[in-house]
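Structure assessment
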Amino acid sequence: LEYSQLIVLMFIGRMIRIREGRREKGIAMTIHRILRLAAGLMVLAGLILSQLVGPKWLWLSAFVGLNLFQSALTDWCPLMTILKKMGVPETARAS
């Protein structure tokens with residue numbers, strides 16, 4: 001397997017563990033934590049791809065920034081809807 005495929009498999013495995021309600025090292029992954037993680041990764045991916053492939057990839061970072069801006073005003077994001085349907089908790093439960 002290539003490195004990028006391993007990263008995707010690790011992410012899917014992590015999402016499955018979240019859905020099953022397990023915690024790893026006492027850190028509960030909530031919708032808002034996953035949302036920030038995904039946004040940060042997409043911004044970094046856009047910046048890296050703009051340097052390796054071409055400057056048009058900066059539009060990915062701009063799109064993510066615009067989506068973060070609108071979600072701050074509306075308290076809605078497409079990823080939040082997907083994560084809620086997957087059963088990811090909105091808040092961390094007390095241990």
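So, here is what we can say about the structure in this document. Not measured: the values here are computed from a predicted model. (Residues numbered from 1 in each chain as written. Predicted model: local features only at pLDDT ≥ 70, side-chain atom pairs only at ≥ 80, totals over all residues. Heavy atoms only, no water.)

**Brief notes about the overall build of the protein chain**
A tally of regular secondary structure across the protein chain gives four helices and zero strands. The order of helices and strands in the protein chain, counted from the N terminus, is α-α-α-α. With 95 residues in all, the protein chain has 23% of them scored as buried. For the protein chain, long-range pairs separated by at least 24 residues make up 53% of all intrachain contacts whose partners lie at least 6 apart in sequence. Put simply, the protein chain shows about 7,400 Å² of open surface, and 68% of that area lies on carbon and sulfur atoms. (Helix = DSSP H or I, 4+ residues; strand = E, 2+ residues; numbered from the N terminus. Buried < 20%, exposed > 50% of the residue type's maximum accessible area, 1.4 Å probe, protein only. Contact = heavy atoms within 4.5 Å. Areas by Shrake-Rupley, 256 points an atom, 1.4 Å probe, with all protein chains shown as cover.)

**Some thoughts on helix H2 (residues 31-52)**
Spacing of three or four residues puts side chains on the same side of an α-helix, whose turn is 3.6 residues. An ideal rise of 1.5 Å per residue puts 32 Å on 22 residues; H2 measures up with 31 Å between its terminal C-alpha atoms. Taken together, the buried positions of H2 are occupied by Ile-31, Ile-34, Leu-35, Ala-39, Gly-46 and Ser-50. End-on, the buried residues of H2 take up no more than an arc of 135°, which puts them together on one face. What points out from H2, more than 90 degrees from its buried face, is the exposed set Arg-36, Gln-51 and Leu-52. (Expected span 1.5 Å × (residues − 1). Arc of directions from axis to C-beta.)

**Some points on a nonpolar patch on the surface**
There is a patch of nonpolar side chains on the surface, built from Leu-6, Val-8, Leu-9, Phe-11, Ile-12, Leu-37 and Leu-41 and spanning about 610 Å² of accessible area. Elements with a minimum of two residues in the nonpolar patch: helix H1 (3-19) and H2. Mapped onto the elements, Leu-6 comes out in helix H1. Judged by its relative accessible area of 39%, Leu-6 falls in the partly exposed class. (Patch = residues over 30% accessible without salt bridge, like charges linked within 9 Å, V, L, I, M, F, W, Y side chains within 5 Å. Salt bridge = Lys/Arg side-chain N within 4 Å of Asp/Glu carboxyl O.)

**A short note on helix H3 (residues 58-74)**
A rise of 1.5 Å per residue sets the reference length of H3, with its 17 residues, at 24 Å; its end C-alpha atoms lie 24 Å apart and thus fit the reference within 8%. On its buried face, H3 is in contact with H2. Remark: Asp-75 follows H3 within two positions and exhibits a positive phi of approximately 55°.

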